[in-house]
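Architecture at a glance
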Amino acid sequence: MSAPAPGRQWSGQQGSGRQRSGRAGYGFVAAYLVLLVAFGVVPTGYAISFAVTDSGGGFTGFANFVTAARDFRFAAAAGHVALYLVCWLAALVVFVVGLALLLHRLGARTTGRALRFLYYIPGALAGAASVLVWLFMLDPAVSPAGFLVRGLGFDTFGQVVALEHLPVLFTLIAFWTGAGGWIVVLYGALNTISPDVLEAARIDGAGAWQTAWRIQIPLLRKWIVYMVILAFAGGTQLFVEPQLLSQASVGVAGRDYSLNQLSYDFAFQNDDVGTAAAISVELLVVGLVVAAVFVTRSRFFDAD
């Protein structure tokens, strides 16, 4: 019996390698789908079922949604979240993209490596821990940066956490905690841009600003859209910051500052799980609609 030709043997090895890679891919996708169903689809269906039924399990249609919308706290909470989202998303896009471009210009220098590490450190703190750190830092009486707070004209903690200051304060907390990871992500995306493209721009006379505005930022478009979608979804879930601040400042923020707080209050103070679920479903729908708009308008899934 003759041995198989070298070409056939190599072709067979390639085929078996592709089969193994395919099985591994299906395994990873299957694990993701299991987690998605268990922690995404099932809880969503559970919330929708509560949102359209009463305490006895009877179908109520949109009655719970109407109850939530007519509550005197709903419009104010929605306004608070909307104002926070404007501040948060604007700060995220401007400063994260700017700092990522700065890191990319620094390249592999020691300064650049140190900054990447420093940007990422705050992300190690959980949401509640970061809020507590900021509450300490914002109190002029105990903060090591109290002289800066007083220099801005605030002599007491109550003046710092006044209601009109909360969107900016919550933006600072969220940026400090979450922006570092996105800076690193966008820095990695910048590294995928071909050096030949940047060199061609330099030869054509483009400066740092023109290169960033006309080449790098357009090529980062999909990454920026992805960041904005996730940041918007996370921003609508505002809860920990006003909840802890309400306890630390004797109710300055209130228990119903955000929609998530209002939902929590309906569920655990008013024993109205249906209305609480309705608010949760509304937040989900808003997040999905905004994500669909961004994905469609940005041609997110189009091949470059």
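In this text, all values refer to a predicted model and were calculated from it rather than measured experimentally. (Residues numbered from 1 in each chain as written. Predicted model: local features only at pLDDT ≥ 70, side-chain atom pairs only at ≥ 80, totals over all residues. Heavy atoms only, no water.)

1. Details of the overall build of the protein
Condition: Each helix is a run of DSSP H or I of at least 4 residues and each strand a run of E of at least 2, with the numbering of both proceeding from the N terminus. Only protein chains enter the area calculation, which uses a 1.4 Å probe; residues under 20% of their type maximum are buried, those over 50% are exposed, and those in between are partly exposed. Throughout, a contact is declared for two residues whenever any of their heavy atoms are within 4.5 Å. Surface exposure here means Shrake-Rupley accessible area, sampled with a 1.4 Å probe, where a residue is shielded only by the protein chains that are shown.
Helix and strand counts for the protein stand at 14 helices and zero strands. Element order for the protein, N to C, with α for helix and β for strand: α-α-α-α-α-α-α-α-α-α-α-α-α-α. Within the protein, buried positions represent 36% of all 304 residues. Considering only contacts in the protein between residues 6 or more positions apart, those separated by 24 or more positions represent 65%. Entry remark: accessible area of the protein is about 18,100 Å², with carbon and sulfur atoms responsible for 68%.

2. Comments concerning helix α8 (residues 166-190)
Each turn of an α-helix holds 3.6 residues, which means side chains three or four residues apart point in the same direction. Our working definition: Given a helix with a known number of residues, its expected span is that number minus one, times 1.5 Å. Throughout, bend refers to the angle between the axes fitted to the seven residues that end at a position and the seven residues that start at it.
The end-to-end C-alpha separation of α8 is 34 Å, in line with the 36 Å expected for 25 residues at 1.5 Å each. By the largest-angle criterion, Gly-178 marks the main kink of α8, which is about 45 degrees.

3. A few points about a nonpolar patch on the surface
Under the convention used in this document: Patch membership requires over 30% relative accessible area and the absence of a salt bridge. Like charges are linked within 9 Å, and nonpolar side chains (Val, Leu, Ile, Met, Phe, Trp, Tyr) within 5 Å. The working definition used for a salt bridge is a side-chain nitrogen of Lys or Arg within 4 Å of a carboxyl oxygen of Asp or Glu.
A cluster of nonpolar side chains, namely Val-29, Tyr-32, Leu-33, Leu-36, Val-37, Val-41 and Val-42, defines an oily patch on the protein surface of about 620 Å² accessible area. Residue classification places Leu-36 among the partly exposed residues on the basis of a relative accessible area of 36%.

4. Considering empty space enclosed by the protein
Definition in use: Here the term cavity refers to a set of points on a 1 Å grid, laid over the protein atoms alone, in which a 1.4 Å probe fits but cannot get out; the term pocket refers to an open set having protein on both sides within 12 Å along at least five of seven lines, with lining residues being those that place an atom within 4 Å of a point. Grid points are joined across faces, edges and corners, and a volume is the space filled by probe spheres set on the points. Under the scheme applied, nonpolar residues are Ala, Val, Leu, Ile, Met, Phe, Trp, Tyr, Cys and Pro; charged residues are Asp, Glu, Lys and Arg; polar residues are all the others, including Gly.
Per the counting criterion, the structure on display carries one cavity of 30 Å³ or more. What lines the largest cavity is simply Trp-134, Leu-135, Leu-138, Val-161, Leu-169, Ile-173 and Leu-245. Taken together, the elements giving at least two residues each to the lining of the largest cavity come down to α5 (127-137) and α8. Here the residues of the lining of the largest cavity sort into seven nonpolar, no polar and no charged.

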